[in-house]
There are 2 protein chains.
Amino acid sequence: MNEFKLIELITSDVHSSSEKLRCGIGDDCAVIGGSDCDLIVSTDSFVEGIHFKLLHFTPSSLGKRIFNASVSDIAAMGGLPKFFTLSLCVPEGFGSDRCAELYDGLKREAFDKKTTLIGGDTTKSAELVLTMTVIGEAASGRTILRSGARPGDALYVTGTLGDAALGLACLDADSPDDFARPFVARYRNPAARIDAGHWLASTDHVSSMIDISDGLLADVEHLADSSGTGYEVALEALPRSEGFEAAAGTLGLGADMLMLTGGDDYELAFTVKEDRVEAFEGLLKGSNLPFGHAVTRIGSMTGDVKRRVALDKAGNPVSVTSGGYVHSI
Amino acid sequence: MNEFKLIELITSDVHSSSEKLRCGIGDDCAVIGGSDCDLIVSTDSFVEGIHFKLLHFTPSSLGKRIFNASVSDIAAMGGLPKFFTLSLCVPEGFGSDRCAELYDGLKREAFDKKTTLIGGDTTKSAELVLTMTVIGEAASGRTILRSGARPGDALYVTGTLGDAALGLACLDADSPDDFARPFVARYRNPAARIDAGHWLASTDHVSSMIDISDGLLADVEHLADSSGTGYEVALEALPRSEGFEAAAGTLGLGADMLMLTGGDDYELAFTVKEDRVEAFEGLLKGSNLPFGHAVTRIGSMTGDVKRRVALDKAGNPVSVTSGGYVHSI
């Protein structure tokens, strides 16, 4: 049974007993309506050996990474992270020095993002397990859900794709070369797109949004499932970093597959309403964007729910060998 | 390094970047001020082999238990639990049937307590680790902190003490006798004192409160530390269940030590302002209490910070061999 099937089973008969709950299980975050703003809540666990290898990180960079991976869910709803709790389950040999370093990296990043550690738990365990719950805020009724896409809506992504997966491949291949450095950095130190997500939610043009943690196609699949649409992605439109294809080639990896299925980028995928695309493109050309990275149109949502394809330059569907990270449990 | 020392280290330089945070790390919950009510947030992790043995529980009763253990922190602030997230880290052999049963027990209990599962995470791990974050509500400015006790305040507890520790001892001794049943039930199925905590917070008489999870003395120690007081506990005043002393004796355990240091009761310990004791006792005698269990005065808070004692019938301090559960990591 994989992760998604289990979540489906678990959540099949959850009934809300609060009229304040605007969005429950099934999106990036839950949304609790308040009188002055909405609260958005997300929980993520990171298990040594499943989600990360200790040898790839310093304790401080691991703390920074799990902070960004966690608040990325808040960014994907268009909210701003405000508070978080951390549960730290630590194996005997990890030691208090490394615990302190991990917290230090995490707290520095949190301070930088105006987010406060408000509680948590520490306990012994067989392996390192970190669980973070983030509470964010968004203007009332302004959170962007996964379910808002409609046929004809344009599909966009922030930043570049596949970099983190390539970085992880470089680490696993023990590749010390210069070409590996920027990709390894993207894997080790992802930056949650908080400013971009918050701005996108403010434009009135965006109909759905998700963060890319499992891989582009896997996450666009979630948008399509929640919205009841299909999608078409144009392979040649996918934004890639300078030197990406050459670096992937050096490791014997296909650049296209990395961009379509590589996880851990923590970029945002979102849709723009069909009749707002022109206005949105106009905003993108403006000089007042509160973020520096690219925003790129990569396809469209379709009315045919079964049409879920990546198309090559000639318009032919490409065969995708991996559907993203599906953690089997 | 033990759990409390590590938490101290971790939290030593947490600066809040939000004026909404009324109480951060160091109490049972964090308190986030809102315009219509305060939100209270608490996170707890439960690790197989550290916090529980799988063989002591059905999956469903384990789910019920971690729900109550988690919301007990909300009860200890005088709040009502509303929402929770659950992260479930599951070892390979646990199986989806047992996962579903665990969630079932947890969701039934949550439904009964008008609390809604709003999110979480599921992942593989080496051992079963459950992390629950509960979000509760309390009337603005009405949460009861650990730090409000003053010298002369009266110390009370709800229910009876030591039952859960005795129940666990019965389970560990594989004691199938009838006398063990009620104590095993108290260990397996603790009931968070939500109604009592909420009522106590509404009386205007209660100055500090905590839930008894680590053992009476260990938790009263937290009240005294946070409030800058000492305390005196009268051994003969400690409320005990019918047959408690005989059952403890059968297992060769000292009843007094079980009541002073046994964990997992999830009763509430609280203080009543010195000049409100009479009014409070009057309320207790009324017929409209929204809960059925006892409330018992067991001692007082003292001005001498160093005076932290349990006294026998003759008024002599007893020597306490265990200071409650201190999880060493």
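The coordinates are above.
Thresholds, definitions, all that
- Residues numbered from 1 in each chain as written.
- Chains lettered and ligands numbered in written order.
- Predicted model: local features only at pLDDT ≥ 70, side-chain atom pairs only at ≥ 80, totals over all residues.
- Heavy atoms only, no water.
- Disulfide = S-S within 2.5 Å.
- Buried < 20%, exposed > 50% of the residue type's maximum accessible area, 1.4 Å probe, protein only.
- Helix = DSSP H or I, 4+ residues; strand = E, 2+ residues; numbered from the N terminus.
- Contact = heavy atoms within 4.5 Å.
- Pairing = 2+ DSSP bridges.
- Axes fitted to C-alpha atoms, helices over the stretch in contact; angles between N-to-C directions.
- Polar contact = N/O pair within 3.5 Å; in protein donor to acceptor, adjacent residues only side chain to side chain.
- Salt bridge = Lys/Arg side-chain N within 4 Å of Asp/Glu carboxyl O.
- Phe/Tyr/Trp six-rings, centres within 6.5 Å; stacked < 30°, edge-to-face > 60°.
- Lys NZ or Arg CZ within 6 Å of the ring centre and 35° of its normal.

**Considerations on the state of the cysteines**
- Applying the stated criterion across every chain yields a total of 0 disulfides over all chains.
- The thiol sulfur of Cys89 of chain A is not disulfide-bonded, and the nearest other cysteine sulfur, from Cys89 of chain B, lies at 7.5 Å.
- Relative accessible area serves as the criterion here: at 1%, Cys89 of chain A is assigned to the buried category.
- Free of any disulfide, Cys37 of chain B has its nearest neighbouring cysteine sulfur in Cys37 of chain A, separated by 12 Å.
- Cys37 of chain B sits in the buried class, given a relative accessible area of 13%.

**So, the side chain of Asn68 of chain A**
- Mapped onto the secondary structure, Asn68 of chain A falls in helix α2 (residues 59-75).
- Residue contacts for Asn68 of chain A: discarding those within four places in its chain leaves Glu109, Pro190, Ala191 and Ala192 of chain A.

**A look at the sheet that holds strand β11 (residues 295-302) of chain B**
Residue and element names in this part refer to chain B.
- The strand order across the open sheet formed by 6 strands is β8-β10-β7-β11-β9-β12, and the pairing between neighbours is mixed. The open sheet has two free edges, formed respectively by β8 (206-212) and β12 (308-311), since each of these has just one partner strand. Each neighbouring strand pair of the sheet contributes to a mean axis angle of 25 degrees, computed without reference to strand direction.
- Note: strand β7 (residues 154-158) against strand β10 (residues 267-272), 4 bridges, orientation antiparallel. Paired with Val157 across the strands is Ala269, a residue of β10.
- Of the strands in this sheet, β7, β10 and β11 touch helix α10 (residues 277-285), which is tilted by about 20 degrees from β7.

**A few points about the side chain of Ser125 of chain B**
- Along the chain, Ser125 of chain B turns up in the loop between β5 (116-124) and β6 (129-138).
- On the basis of relative accessible area, Ser125 of chain B is assigned to the buried category, the value being 10%.
- Only 3.2 Å separates the side chain of Ser125 of chain B from the backbone oxygen of Cys89 of chain B, close enough to count as a polar contact.
- In this structure, Ser125 of chain B is in contact with Val47 and Glu127 of chain A together with Cys89, Val90, Pro91 and Glu92 of chain B, ignoring residues within four places of it in sequence.

**Notes on the pattern of salt bridges**
- Using the criterion set out here, one finds 34 salt bridges over all chains in the structure.
- For Arg186 of chain A, the salt bridge is made with Glu267 of chain A, and the minimal N-O distance between the two is 3.1 Å. Highlighted residues: Arg186 of chain A in helix α5 (residues 181-188) and Glu267 of chain A in strand β10 (residues 267-272), separated in sequence by 81 residues. Like Glu267 of chain A, Arg186 of chain A is buried.
- For Glu267 of chain B, the salt bridge identified is with Arg193 of chain B, shortest N-O distance 2.7 Å. Separated by 74 residues along the polypeptide, Glu267 of chain B in strand β10 and Arg193 of chain B in the loop between α5 (181-188) and α6 (194-202) bring together distant segments of the chain. Grouping residues by exposure puts Glu267 of chain B and Arg193 of chain B together as buried.
- A cluster of three or more residues bridged by salt bridges with shared partners is formed by Asp163, Arg186, Arg193, Asp265 and Glu267 of chain A.

**Considering the packing of aromatic side chains**
Residues and elements named next belong to chain A.
- The tally for this structure, following the rule as stated, stands at 18 aromatic pairs over all chains.
- Geometrically, the ring pair formed by Trp199 and Phe291 is edge-to-face, given 5.6 Å between the ring centres and 65 degrees between the ring planes. One end of the pair, Trp199, is in helix α6 (residues 194-202); the other, Phe291, is in the loop between α10 (277-285) and β11 (295-302), and 92 residues separate them in sequence. Exposure class is identical for Trp199 and Phe291. Each is buried.
- Three or more aromatic residues link up through ring pairs in this structure, and these residues are Tyr156, Trp199, Phe270, Phe280 and Phe291.
- The aromatic ring of Tyr187 is capped on one face by Arg65, whose charged end is 4.6 Å from the ring centroid.

**Topic: unusual backbone geometry**
- A positive phi angle is found at Lys114 of chain A, which is not glycine, with a value near 55 degrees.
- With respect to the secondary-structure elements, Lys114 of chain A resides in the loop between α3 (96-112) and β5 (116-124).
- Within the chain, Asp264 of chain B stands out as a residue other than glycine whose phi angle is a positive 75 degrees.
- Turning to its location among the elements, Asp264 of chain B is positioned in the loop between α9 (255-261) and β10.

That's the geometry; what it means functionally is another story.
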